[in-house]
Amino acid sequence: MMHDFALTEKYVVIFDLPITFDPAGAERGDPVPYVWNEKHATRVGLLPRAGGEVRWFEVDPVFYSHTLNAYDEGSSVVVDMTTYPAPFYVAGRGCDGPYGAGTASLERWTIDVAHGRVRTRTLDDRPQEFPRVHEALVSRRHRYAYTAAAADMTLAYLTTDGNPPDRAFANALIKHDLLRGTTQVHRLPRDAAAGEAVFVPSEGARAEDDGYAIAYVHNPDRGAADLVILAAQDFTGEPVARVHLPGRVPLGFHGSWIPDA
Ligand SMILES: [Fe+2]
């Protein structure tokens, strides 16, 4: 099961994970007929964008969920992403991670192309998901990242109707400064459930974080979603705006900002 991939200026980065299609489960009518497959190696592949063969690198078993961004650095490739510890049961109890079932962390893989090695490092081990970067920097080096704090995110993977329960999510958004190794957390009301934060640059922005992080946040008091807009450079401050939408927006979807040109 390949859920996401990454791009650098030179490569398409693809992930071959030990979660494979389960024909018997499909025949039984399992809603998510995929299983953790011990026999399937975990590997990351670099497909040259200019053409050519994929070069594969083996890594320790893991479930790769979402790409933050990737870039070339000398003869290496750096990929930032969220992963779940192995083994990960898509249609079961999630994973056996340090925080219990179903939590992802923010990770960095550095693929040393010359020596055929992959170095992995945890950037932030708090449960979080839906990493996003300034989109103009996709495939190039980034400094900032935005993620949604997560609760039992496995519940989102169990969903087959596209509407994960609120308790899969948490009530905070996180801004990462990956250069300094610091984070800022924007806390939302107690029972709120925050989804993916999309970064929208200010008009004429010069700094990478000059702009807004916008996210759908389920507001249980209204039974509907608020579109919460944070100034990225004042991340822990009061939101710039909370747009009260007339209905619920299902959590867990990815989104993109398209300016009204
Ligand atoms: Fe996704």
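This is a predicted model, so every value here is computed, not measured.

**Q** Outline the layout of surface pockets, supporting the account with residue identities and numerical values.
**A** Unfilled space is identified by rolling a water-sized probe across the atoms. The calculated volume of the largest pocket comes to roughly 390 Å³. Along the wall of the largest pocket there are 20 residues; nearest its centre are D4, T67, L68, R132 and V138. Of all the elements in the fold, those that place two or more residues in the lining of the largest pocket are β1 (6-7), β7 (62-73) and β13 (128-132). Residue composition of the lining of the largest pocket, grouped by class: nine nonpolar, seven polar and four charged. Split by domain, the residues of the lining of the largest pocket number at least three in each of domain 1 (1-125) and domain 2 (128-255).

**Q** So what about the packing of aromatic side chains? Which residues, and what values?
**A** In the structure shown here, the tally under the stated rule is 10 aromatic pairs. Note on F15 and W109: the rings are 5.9 Å apart at their centroids and 65° apart in plane angle, and the pair reads as edge-to-face. With F15 in strand β2 (residues 11-16) and W109 in strand β11 (residues 105-112), this residue pair connects regions lying 94 residues apart in the sequence. The same class applies to F15 and to W109, which are both buried.

What counts and what doesn't
Residues numbered from 1 in each chain as written. Predicted model: local features only at pLDDT ≥ 70, side-chain atom pairs only at ≥ 80, totals over all residues. Heavy atoms only, no water. 1 Å grid on protein atoms, 1.4 Å probe; cavity = no way out; pocket = protein on both sides within 12 Å on 5 of 7 lines; lining within 4 Å. Points joined across faces, edges and corners; volume = space filled by probe spheres on them. Helix = DSSP H or I, 4+ residues; strand = E, 2+ residues; numbered from the N terminus. Nonpolar A, V, L, I, M, F, W, Y, C, P; charged D, E, K, R; others polar. Domains from an automatic or database assignment. Phe/Tyr/Trp six-rings, centres within 6.5 Å; stacked < 30°, edge-to-face > 60°. Buried < 20%, exposed > 50% of the residue type's maximum accessible area, 1.4 Å probe, protein only.

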